[in-house]
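Chain by chain, the residues run as shown.
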Amino acid sequence: MILTGPDAAAPLAALHGACFPLAERWDRAAMAELLAMPGCFAVTDGAGAEPSGLALARVAADEAELLTLGVRPVARRRGLARALLHRLGAEAARRGAGALFLEVAVANPPALALYRAVGFAEVGRRRRYYPDGGDALILARRLDRPVSTV
Ligand SMILES: CC(C)(COP(=O)(O)OP(=O)(O)OC[C@H]1O[C@@H](n2cnc3c(N)ncnc32)[C@H](O)[C@@H]1OP(=O)(O)O)[C@@H](O)C(=O)NCCC(=O)NCCS
């Protein structure tokens, strides 16, 4: 399911809170600020009231940036993050993006394993990027553009 606009801020913040540790949670105001940016959209699984995962991205010109990705602990290792990334990539390509970028902590092995499994490659590193002094890797993946009909 694709979500955009301010009405999505509250449910997405609640879901983000269920997927991330306390210190990394985004509240409703933070989520609303992101959703107000041009080109920002979210992807969740299913159409039900209680989705298990979310991914948020922003498309600007011909590039997309993954802003967050999370899956509830009870729903992990069932391919949901992989499916969300697939859906998000397709939507970003539909909106004109040819590549998807993201930042991930070197100290996050599950996320690194996921991104490598779905074809992301390292394109840069931000040293001491996080408050704990840890580095971030910048990863990127090409997106298949939809076939033009004109
Ligand atoms: C990272 C995260 C999104 C993965 O979600 P998920 O739904 O469990 O991932 P998937 O089931 O789609 O995993 C796909 C592949 O990624 C890799 N992977 C995912 N979690 C892994 C783990 N804990 N350890 C090793 N590899 C892992 C595997 O290759 C996996 O394929 P496999 O299960 O067939 O071996 C989830 O652990 C999460 O929400 N973590 C907390 C938030 C977070 O760190 N988000 C990323 C911020 S950059």
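Quantities reported herein were computed from a predicted structural model and do not represent experimental measurements. (Residues numbered from 1 in each chain as written. Predicted model: local features only at pLDDT ≥ 70, side-chain atom pairs only at ≥ 80, totals over all residues. Heavy atoms only, no water.)

Remarks on the pairing of strand S2 (residues 40–44)
So, step 1. In terms of residue burial, S2 counts as a mostly covered element, since 5 of its 5 residues are buried.
So, step 2. The side-chain alternation of S2 yields two buried faces, one formed by Cys-40, Ala-42 and Thr-44 and the other by Phe-41 and Val-43.
So, step 3. Note that strand S1 (residues 2–3) and S2 share 2 bridges and pair antiparallel. If you follow Ile-2 over to S2, its bridge partner there is Val-43. (Buried < 20%, exposed > 50% of the residue type's maximum accessible area, 1.4 Å probe, protein only. Helix = DSSP H or I, 4+ residues; strand = E, 2+ residues; numbered from the N terminus. Pairing = 2+ DSSP bridges.)

Examining the sheet that holds strand S6 (residues 121–126)
So, step 1. Strands sit in the order S1-S2-S3-S4-S5-S7-S6 across an open sheet of 7 strands; the sheet is mixed. Every interior strand has two partners, whereas the edge strands, S1 and S6, have only one.
So, step 2. Where strand S5 (residues 99–105) meets strand S7 (residues 136–142), 7 bridges bridge the pair, whose relative direction is antiparallel. By the bridge assignment for S7, Leu-102 is matched with Leu-139.
So, step 3. Of the strands in this sheet, S1, S2, strand S3 (53–60) and strand S4 (63–71) are in contact with helix H1 (residues 9–19), which crosses S3 at around 120 degrees.
So, step 4. Lying over the sheet, helix H2 (residues 28–35) contacts S2, S3 and S4, oriented at roughly 35 degrees with respect to S3. (Contact = heavy atoms within 4.5 Å. Axes fitted to C-alpha atoms, helices over the stretch in contact; angles between N-to-C directions.)

As for the pattern of salt bridges
So, step 1. This model, assessed by the stated rule, comprises 6 salt bridges.
So, step 2. With a closest N to O distance of 2.8 Å, Glu-103 and Arg-126 form a salt bridge. In this pair, Glu-103 is assigned in strand S5 and Arg-126 in strand S6, connecting sequence segments 23 residues apart.
So, step 3. Taking the relative accessible area as the measure of exposure, Glu-103 reaches 26% and is therefore partly exposed.
So, step 4. In this structure, the salt-bridge partner of Asp-135 is Arg-127, at a minimum N-O distance of 3.5 Å.
So, step 5. For Arg-127, a relative accessible area of 56% corresponds to the exposed category. (Salt bridge = Lys/Arg side-chain N within 4 Å of Asp/Glu carboxyl O.)

Examining the site of the ligand
So, step 1. Inspection of the region around the ligand gives 20 residues, with Leu-69, Val-71, Arg-77, Gly-79 and Asn-108 positioned closest.
So, step 2. Within the side chain of Arg-76, an N or O atom sits 3.4 Å from an oxygen atom of the ligand.
So, step 3. A distance of 2.8 Å separates an oxygen atom of the ligand from a polar side-chain atom of Asn-108.
So, step 4. For the ligand, whose free accessible area comes to 910 Å², the fraction covered by protein is 74%. (Near = heavy atom within 4 Å. Polar contact = N/O pair within 3.5 Å; in protein donor to acceptor, adjacent residues only side chain to side chain. Areas by Shrake-Rupley, 256 points an atom, 1.4 Å probe, with all protein chains shown as cover.)

What to know about the nonpolar core
So, step 1. Core analysis: the largest hydrophobic core is formed by 30 residues, its most contacted members being Leu-66, Leu-69, Leu-88, Val-104 and Tyr-115.
So, step 2. Those elements that provide at least two residues to this core are S2, S3, S4, helix H3 (80–94), S5, helix H4 (109–117) and S7.
So, step 3. Not counting the four nearest positions on each side in its chain, Leu-69 is found in contact with Phe-20, Leu-54, Ala-55, Ala-81, Leu-84, Leu-85, Leu-114 and Tyr-115.
So, step 4. Within the second largest apolar cluster, 15 residues are counted, among which are Leu-15, Met-31, Leu-34 and Cys-40. (Core = buried A, V, L, I, M, F, W, Y, C linked by side-chain atoms within 4.5 Å.)

Observations regarding the layout of surface pockets
In this approach the atoms are scanned with a rolling probe the size of a water molecule, which exposes any empty space left behind.
So, step 1. Considered as a void within the structure, the largest pocket measures approximately 1400 Å³ in volume.
So, step 2. Per-element tally for the lining of the largest pocket: the top contributor is S4, with 7 residues.
So, step 3. Classifying every residue of the lining of the largest pocket by side-chain character gives 25 nonpolar, 5 polar and 8 charged. (1 Å grid on protein atoms, 1.4 Å probe; cavity = no way out; pocket = protein on both sides within 12 Å on 5 of 7 lines; lining within 4 Å. Points joined across faces, edges and corners; volume = space filled by probe spheres on them. Nonpolar A, V, L, I, M, F, W, Y, C, P; charged D, E, K, R; others polar.)

As for the packing of H1 against H2
So, step 1. Contact pair H1 / H2: the axes reach a minimum separation of 8 Å and the direction vectors enclose 120 degrees. Considered as vectors, H1 and H2 are oriented oblique to each other. Crossing of H1 against H2: the hand is right-handed. Note on element contacts: H2 touches H1 through Arg-28, Met-31, Ala-32 and Leu-35, opposite Ala-9, Ala-10, Leu-12, Ala-13 and His-16. (Parallel < 35°, antiparallel > 145°, perpendicular 65-115°, else oblique. Left-handed = near helix turned anticlockwise from the far one by under 90°.)

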